[in-house]
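Results of the structural survey
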Amino acid sequence: MADGDTRTEVTQRLTRAGEGGVLRFITCGSVDDGKSTLIGRLLYDSKLLFDDQIRTLERESQKHGTAGDDIDFALLLDGLEAEREQGITIDVAYRFFNTEKRKFIVADTPGHEQFTRNMATGASTADLAIILVDARKGVLTQTKRHTYIANMMGIRHAVLAVNKMDLVDHSRAKFHEIVSDYLRIAEDLGFASITPIPISARFGDNIFDRSDAMAWHDGPTLMQHLEQVDTAADEEAALAFRFPVQWVNRPNLDFRGFSGTVAGGQTTVGDDIVVAHSGKAAKIARIASADGDLKTARAGDAVTLVLDREIDIARGDILSDPKARPEVSDQFAAEILWMTDEEMLPGRSYLLKAGGQTTPVSVTTLKHKLNVNSFDKEPGNSLALNEIGVCTLATTRPVAFDRYTDQRETGSFILIDRFTNQTVGAGMIEFSLRRASNIHAHAMDVDKARRSSLKGQKSAILWFTGLSGAGKSTIANLVERKLAEAGRHTYSLDGDNVRHGLNRDLGFTDVDRVENIRRIGEVAKLFVDAGLIVTCSFISPFRSERQMVRELVEDGEFIEVFVDAPLEVCIERDPKGLYKKAQAGEIKNFTGFDSPYEAPETAELHLRTADLAAEDAAEQVIEQLISRGLIG
């Protein structure tokens, strides 16, 4: 057939609407289980490839292929040069195709453990997961991990595709052995359906057509199942109305609308809506879209809503049905997939992004981790790359959300490193913590301003950070003495002193160091509220925790003092004999040896104490307080 005839036929097939609607699915599983080959075979057998694409595929198969003289269908998906050279999938590849009965959007996701984050990305919008298993290898750890993540991401339907059956002589016994092993770990996860199918993606067995070599299989072929599986119960249109505001659209004084994409449910002109955070209510006066005004907006529609009255709405707000409002809370439990090499530490401050909402957040507790082999719950202090755990989180301001099982779009979030802006985790909200709604701040008649006024000063935190032996405590002590002699009201928090009481239960692991600074930050905040100038002398090795303390108080109330001395100078001083013990291996996790120190980048005051006397350094701190108007 000529290329022109082929393109006409393919175009007609792609524009034909299938009665079954659109099915979004992913292929996943372990490395080399045949995910890309399967999708390539689906595209080829559905006759949606142009002649020039087939000729290119044949040439590429000779150059990069792993199927001998046959076409290597995986090359249709492995578009990156690195993927072709290594024979693996690295990024998520999306393809669109259809049959007479249905349209499909398929995501080919990586099997390598290091690319698990990409698999989670593909799973986040899918209705069904095809879990591939190499018939020779059986159920592997990555098979289990991908199965759990698929379920965790809200996928309700799974296909267990036992691939490469041609390499085990199409053995019925081998197929049932693998199915039994898989169901033993997957049955209790809560999938609405798990459908086992024996296949050979390379040769097309049980993909579109039934395999003569596996006549013993009395279930559907893969395509029969994909065309028939019912995901209607999962459609967003059946959900409560949710509209995250992405942009306040005000091109002129005569128009004010709120732009975004309907995340769930639907709304019609004249319907009542409410702003989740404020509870302010209005009616939908107009629904504008790129194709003109609409009467009704449904899940997935990108529209601008115009209301019948002026109410305060900003980017990140969620508009909802007043009869089915989302939760609004600053504390909740969530299941988290950790996506970076640097481990997750409870108490550390991250950024939480949920739709248009972005706010600082910390993991307050890691309740348990998941054993990916048995799916058992296990205790833990932190999450490493690709680990999954249930955590409680606390945000600095309330966020609006739904349970992930109720609404995918408004029940999910990502965690972002505050300094690198790297996405480090993906979370699915399970429930709001009851204590978040039962505890309220009590307004006191005597506030911070009055307490400070009575003392004739402005309160602040002087945060001394640096290596052990740099001179933090010495300088802080001199500063407090000078302030006391001038009649100022102070308090001093010192690293060693607080470990005799408040933090006596903490060690020196990264997790304990983060919690140490979190507690000190909260105590220092109370002293600031009392109108005091509080000096804090702590190594505090991590920028994230120092930033967390800074954000606990108002602008100008946190003064970071970097007490900077080279490591060799600190070792020479060694006032407490700690470096000698660290060098002898008697102390573990000692900053400067086997635990890192992240130097401040924009400290308010930088004291280089290798050549600066402690008395002179203290005078510089006093001058800093005077210049900032904290003392007269």
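Residues numbered from 1 in each chain as written. Predicted model: local features only at pLDDT ≥ 70, side-chain atom pairs only at ≥ 80, totals over all residues. Heavy atoms only, no water.

**Some remarks on the confidence of the model for the protein**
Confidence in the prediction of the protein, expressed as mean pLDDT, is 86, and 87% of residues score 70 or more. Confidence over residues 79-90 falls short of pLDDT 50; this stretch has 28 contacts with residues more than four positions distant or in other chains. (pLDDT = per-residue confidence, 0-100. Contact = heavy atoms within 4.5 Å.)

**Some words on the sheet that holds strand 2 (residues 93-98)**
Read from one edge of the open sheet, 6 strands run 2-3-1-4-5-6, paired in mixed fashion. Both outer strands of the open sheet, strand 2 and strand 6 (193-198), are each paired with one neighbouring strand and no more. For this sheet, the mean inter-axis angle between neighbouring strands, taken without regard to orientation, is 20 degrees. Sheet analysis places strand 1 (residues 22-29) next to strand 4 (residues 128-134), joined by 5 bridges and oriented parallel. Following the sheet pairing, Cys28 is matched in strand 4 by Ile131. Against the sheet, helix 5 (residues 116-123) engages strand 1, strand 2 and strand 3 (103-108), with an angle of about 160 degrees to strand 1. (Pairing = 2+ DSSP bridges. Helix = DSSP H or I, 4+ residues; strand = E, 2+ residues; numbered from the N terminus. Axes fitted to C-alpha atoms, helices over the stretch in contact; angles between N-to-C directions.)

**A few points about empty space enclosed by the protein**
Inspection of every chain in the model, using the stated rule, returns 1 cavity of 30 Å³ or more. Within this model, the largest cavity holds a volume of roughly 40 Å³. Considering the residues around the largest cavity, the lining is formed by Phe332, Leu352, Ala354, Val399, Ala400, Phe401, Thr410, Ser412 and Ile429. Looking at the lining of the largest cavity, the elements that each hand over two or more residues are strand 17 (349-354) and strand 20 (388-401). (1 Å grid on protein atoms, 1.4 Å probe; cavity = no way out; pocket = protein on both sides within 12 Å on 5 of 7 lines; lining within 4 Å. Points joined across faces, edges and corners; volume = space filled by probe spheres on them.)

**Side note on the sheet that holds strand 12 (residues 281-288)**
Pairing between the strands of a sheet is mediated by backbone hydrogen bonds and can be parallel or antiparallel. Taking strand neighbours across the sheet as the criterion, the 7 strands line up as 7-15-11-12-14-9-8 in an open arrangement whose pairing is antiparallel. At either end of the open sheet lies a strand with only one pairing partner, and these are strand 7 (242-244) and strand 8 (247-252). Taking the axes of each pair of neighbouring strands and ignoring which way they run, one obtains an average angle of 40 degrees across the sheet. Direction of pairing for strand 11 (residues 272-275) relative to strand 12: antiparallel, over a ladder of 3 bridges. Across the sheet, Ile273 pairs through a bridge with Ala282, a residue of strand 12.

**With respect to the side chain of Ser540**
Tracing the chain through its elements places Ser540 in the loop between strand 25 (533-537) and helix 14 (543-550). Exposure remark for Ser540: the relative accessible area of 3% places this residue in the buried category. Side chain to side chain, Ser540 and Thr465 meet in a polar contact 3.2 Å long. Not counting residues up to four positions away in its chain, the partners in contact with Ser540 are Trp463, Thr465, Ile517, Arg546 and Tyr597. (Buried < 20%, exposed > 50% of the residue type's maximum accessible area, 1.4 Å probe, protein only. Polar contact = N/O pair within 3.5 Å; in protein donor to acceptor, adjacent residues only side chain to side chain.)

**Points about the packing of aromatic side chains**
Counted under the stated rule, the structure contains 14 aromatic pairs. For the ring pair Phe25 and Phe97, a centre distance of 6.5 Å and an interplane angle of 90 degrees mean the geometry is edge-to-face. With a gap of 72 residues between them, Phe25 in strand 1 and Phe97 in strand 2 connect regions that are remote in the sequence. In this structure Phe97 comes out as buried when scored by relative accessible area, which is 2%. A ring pair is formed by Phe97 and Phe104, whose centres lie 4.8 Å apart and whose planes are at 20 degrees; its orientation type is stacked. (Phe/Tyr/Trp six-rings, centres within 6.5 Å; stacked < 30°, edge-to-face > 60°.)

**Observations regarding helix 2 (residues 35-45)**
The buried fraction of helix 2 is high, at 9 of 11 residues. All of the buried residues in helix 2 are Lys35, Ser36, Thr37, Leu38, Ile39, Gly40, Arg41, Leu42 and Leu43. Packing partners of the buried residues in helix 2 comprise strand 1, strand 2, strand 3, strand 4 and helix 8 (222-228). In the segment just after helix 2, Lys47 is the residue with positive phi, at about 60 degrees.

**Things to note about the pairing of strand 18 (residues 357-370)**
With respect to burial, strand 18 is a largely interior element, 10 of its 14 residues being buried. As judged from the 6 bridges shared by strand 17 and strand 18, these two strands associate in the antiparallel manner. Along strand 18, the bridge assignment pairs Ser349 with Ser362. Between strand 17 and strand 18, which pair antiparallel in sequence order, lie 2 residues; one of them, Gly355, sits at a positive phi of approximately 65 degrees. Relative to strand 20, strand 18 is paired through 7 bridges, and the arrangement is antiparallel. From the neighbouring strand, Val363 faces strand 20, where its bridge partner is Leu393. In textbook terms, the turn of a hairpin is the stretch between consecutive antiparallel strands, and for strand 18 and strand 19 (residues 377-378) this stretch comprises 6 residues, one of which, Phe375, has a positive phi near 65 degrees.

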